[in-house]
Amino acid sequence: MANLTVLAFTIAALLAVASAHRTIITTTIEDDTFDTSRKQQCMQHLQGQQLRQCQIHLQQPEQSQQQQQTLQQCCQELQNVDEQCRCKAVKQVFGEVQQQQQRQQQQTGPFGSPSQEIQKLKQKAENLPKQCNLQTRKQCNIKTGKQCRMEVQGPQFNRCQKYLERQITGGAGGGYLMSAVWDRKQGGEVEQCCEELRNVDVECQCEAMKEVMREAQRAEPRRPEMGEMQRVVEDLKNQCNLEVEQCQVTSEMF
């Protein structure tokens, strides 16, 4: 009798562990799905938000007399953003200011160390939620430079490569019916490519586009259509409605 009791207890314990394991797996999958859906919702939400004062605040020197005033105005802008999208809003502002600084450095030359300037900008942006006493869904960590390059490396843009290849090799031919089939297929491929790029953190999306170009160049380094490929890749920003303000892939490719 005692043996039967021990056996029954052991089976019950194993079933409980298995049930808990299944619950953990289900929770993880649901959370990943939620993150993907939330990214899309936040992107739509932020399209209607004005974050101009946050941009001005990040661009101002630390000891500027207007710092406190623009900080208050920036905090008000972030207050109007949905709590779950605030970190994404901060990253979007950081990306826009970073690209503005990079364009300015190309025209006038760098002022100080570019990497140090980016780190200062990063820290200033990451501190905004705390300075504004705002709640965010999680800690707002911004990736830059090497972190972005590490994130986008690897075969994670296969759909973009297929879309790029089809764009370069030309249309379907074969009359109206084949053309209609081609248009539908092309539309599906660009949307799949866009999904790959949107899954990258906003501050790394430009680096992701550059990686798409690098992958194409690695596959066939001396391809004569590289200039056309560059145009197609840069146009993905508009086609995919990405949050990067501007992304030039030329300088690192040639």
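In the block above lies the structure referred to throughout.
Residues numbered from 1 in each chain as written. Predicted model: local features only at pLDDT ≥ 70, side-chain atom pairs only at ≥ 80, totals over all residues. Heavy atoms only, no water.

### Section: the packing of helix α2 (residues 52-59) against helix α3 (residues 67-79)
Piece 1. One can describe the packing of α2 onto α3 by two numbers: an axis separation of 8 Å at closest approach and a directional angle of 145°. As α2 runs across α3, the sense of the crossing is left-handed. Together, R52, Q53, C54, I56 and H57 of α2 and Q67, T70, L71, Q73, C74, E77 and L78 of α3 make up the contact between the two elements. (Axes fitted to C-alpha atoms, helices over the stretch in contact; angles between N-to-C directions. Helix = DSSP H or I, 4+ residues; strand = E, 2+ residues; numbered from the N terminus. Left-handed = near helix turned anticlockwise from the far one by under 90°. Contact = heavy atoms within 4.5 Å.)

### What to know about the pattern of salt bridges
Piece 1. All chains considered together, the criterion is met by 11 salt bridges.
Piece 2. Of the charged contacts in the structure, one is a salt bridge between K91 and E203, with a shortest N-O distance of 3.7 Å. Taken as a pair, K91 in helix α4 (residues 86-108) and E203 in the loop between α9 (175-198) and α10 (205-219) lie far apart in primary sequence, 112 residues in all. For the pair K91 and E203, a shared accessibility class is recorded, and that class is buried.
Piece 3. Residues joined in a network through salt bridges with shared partners are E207, E211, R214 and R218. (Salt bridge = Lys/Arg side-chain N within 4 Å of Asp/Glu carboxyl O. Buried < 20%, exposed > 50% of the residue type's maximum accessible area, 1.4 Å probe, protein only.)

### Regarding the state of the cysteines
Piece 1. Counted according to the given criterion, the structure contains eight disulfides.
Piece 2. C148 shares a disulfide with C204; S-S distance 2.1 Å. Every disulfide takes its handedness from the sign of the S-S torsion; for C148 and C204 that torsion is -70°, giving left-handed. With C148 in helix α7 (residues 145-152) and C204 in the loop between α9 and α10, this pair connects stretches of sequence that are 56 residues apart.
Piece 3. Paired by a disulfide, C160 and C193 hold their sulfur atoms 2.1 Å apart. (Disulfide = S-S within 2.5 Å.)

### A word on α2
Piece 1. Among all positions in α2, only C54, Q55, H57 and L58 are buried. Buried residues of α2, seen end-on, are gathered within an arc of 165° and therefore sit on one face of the element. (Arc of directions from axis to C-beta.)

### Examining the nonpolar core
Piece 1. One finds F157, L164, L197, V212, M229, V233 and L236 to be the most contacted residues of the largest nonpolar core, which totals 29 residues.
Piece 2. Looking at this core, the elements that each hand over two or more residues are α7, α8 (158-169), α9, α10 and α11 (226-239).
Piece 3. Per-element tally for this core: the top contributor is α10, with six residues.
Piece 4. Not counting chain neighbours up to four residues away, the residues in contact with V212 comprise F157, C160, Q161, L164, L197 and V233. (Core = buried A, V, L, I, M, F, W, Y, C linked by side-chain atoms within 4.5 Å.)

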